[in-house]
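So the chains spell out like this:
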Amino acid sequence: MDNGIPAPSRCVAVTGSRDCTSYGASVTGDMAYGLAQRGICVIAGLAYGIDAHAHRAALAGALERS
């Protein structure tokens, strides 16, 4: 039965600085996009900076995967 919650083995947490560098934002975006493309659930804290970049990239990767 699928309850919509991914298995812990298919999840990764991404957190970081609110005041991130452009390099950090770029690496985070690449990483989160690639993980989402592979069906991995990206979890972040809904904050600014790294968390926001992780969310945006994961959503883009998931949409591209569909």
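Preceding this paragraph is the structure being described.
All figures in this text were calculated on a predicted structure; none of them were measured in a lab.

Conventions and cut-offs
- Sequence positions are assigned chain by chain, starting from 1 and proceeding in written order.
- Residues qualify for local features only when their pLDDT is at least 70, as the model is predicted, and side-chain atom pairs are given and counted only at 80 or more; totals for whole chains, interfaces and linings, by contrast, use all residues.
- Water and hydrogen atoms were dropped before computing side-chain values, which therefore reflect all heavy atoms in the structure.
- Secondary structure counts use DSSP, requiring at least four H or I residues in a row for a helix and at least two E residues in a row for a strand, with both numbered from the N terminus.
- Under the convention used throughout, the expected extent of a helix is 1.5 Å for every residue step, that is, one less than its residue count.
- In what follows, a contact means two residues having at least one pair of non-hydrogen atoms within 4.5 Å.
- In the analysis that follows, any N or O atom pair within 3.5 Å is treated as a polar contact, provided that within protein one partner can donate a hydrogen and the other can accept it, and provided that, for residues neighboring in sequence, both atoms belong to side chains.
- The axes used here are C-alpha line fits, helices contributing only the stretch in contact, and every angle between their N-to-C directions lies in the interval 0 to 180 degrees.
- The hand of a helix crossing depends on one turn: near helix anticlockwise from the far one by less than a right angle means left-handed, and clockwise means right-handed.
- Gly is placed with the polar residues, together with every amino acid not listed as nonpolar (Ala, Val, Leu, Ile, Met, Phe, Trp, Tyr, Cys and Pro) or charged (Asp, Glu, Lys and Arg).

Asker: Tell me about helix α2 (residues 50–65), and please be specific about residues and values.
Answerer: Taking 1.5 Å per residue, 16 residues should reach 22 Å; α2 reaches 22 Å between its end C-alpha atoms and fits that length. Where the residues of α2 are buried, they touch α1 (22–37) and β2 (41–43).

Asker: Tell me about the side chain of threonine 28, residues and numbers included.
Answerer: Its place among the elements puts threonine 28 in helix α1. Here glycine 24 takes part through its backbone oxygen, which lies 2.7 Å from a polar atom of the side chain of threonine 28. For threonine 28, the contacting residues outside a window of four places in its chain are Val14, Ile50, His53 and Ala54.

Asker: Any details on the packing of α1 against α2? Residues and values, ideally.
Answerer: In contact at an axis separation of 7 Å, α1 and α2 are set at 35 degrees when each is read in the N-to-C sense. At the point where α1 passes α2, the crossing takes the right-handed sense. Residue-level contacts link Gly24, Ala25, Thr28, Gly29, Ala32, Tyr33, Ala36 and Gln37 of α1 to Ile50, His53, Ala54, Ala57, Ala58, Ala60, Gly61, Ala62, Glu64 and Arg65 of α2. For the contact of α1 with α2, the residue count by class is 10 nonpolar, six polar and two charged.

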